[in-house]
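Next come the chains, spelled out residue by residue.
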Amino acid sequence: QVQLVESGGGLVQAGGSLRLSCAASGRIFRINNMGWYRQAPGKQREWVATITSGGSTNYRDSVKGRFTISRDSAKNMVYLQMNSLKPEDTAVYYCNANANSDPYYLSRDYWGQGTQVTVSS
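The shown structure was predicted, so the numbers you read here are calculated from the model rather than taken from an experiment.

J.: How should I be thinking about the environment of Ser84 in this particular structure?
T.: Examined against the element boundaries, Ser84 turns out to sit in the loop between β8 (77-82) and β9 (91-100). Through-space distance from the C-alpha of Ser84 to that of Gln13 is 9.5 Å; in sequence the pair is 71 residues apart. The contacts of Ser84, once residues within four sequence positions are left out, are Gly15, Gly16, Ser17, Arg66 and Asp89.

Below, the structure written as structure tokens:
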């Protein structure tokens, strides 16, 4: 099994920045895509950004130009640099990884417990 632990959330004023980190550990054979999702109160969880094992990135439109996803594959880490934060970015942010814990089994998605990001106006 693969465990994901997020860190770096907190309270920030609008226009400020935060950097989220996610560490993967456990039985890891290979990590494929890694990404970030978020869930605001009363809303469904939504995709924020993805980075492939090759380093290609994709972002939801509302965060393009403000958020940057990166990864350190040697350390099994993924990061989300969030700049120019807005109150509507307030949510619990979840780390996601598609990984193989064994070379003989199909990959599956793993999730972290989430970290709260609150942006005040």
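J.: Looking at this structure, how should I read the sheet that holds strand β3 (residues 18-26)?
T.: Strand pairing within a sheet occurs via backbone hydrogen bonds; the two strands may be parallel or antiparallel. Spatial ordering of the open sheet is given by β1-β3-β8-β7, a layout of 4 strands whose pairing is antiparallel. At either end of the open sheet lies a strand with only one pairing partner, and these are β1 (2-7) and β7 (67-72). Mean inter-strand twist for the sheet, computed between neighbouring axes without regard to direction, equals 15°. Sheet topology places β3 next to β8; 6 bridges connect them, and they run antiparallel. Residue pairing across strands places Leu18 opposite Met82, the latter belonging to β8.

Scoring rules and cut-offs
- Residues numbered from 1 in each chain as written.
- Predicted model: local features only at pLDDT ≥ 70, side-chain atom pairs only at ≥ 80, totals over all residues.
- Heavy atoms only, no water.
- Helix = DSSP H or I, 4+ residues; strand = E, 2+ residues; numbered from the N terminus.
- Contact = heavy atoms within 4.5 Å.
- Pairing = 2+ DSSP bridges.
- Axes fitted to C-alpha atoms, helices over the stretch in contact; angles between N-to-C directions.

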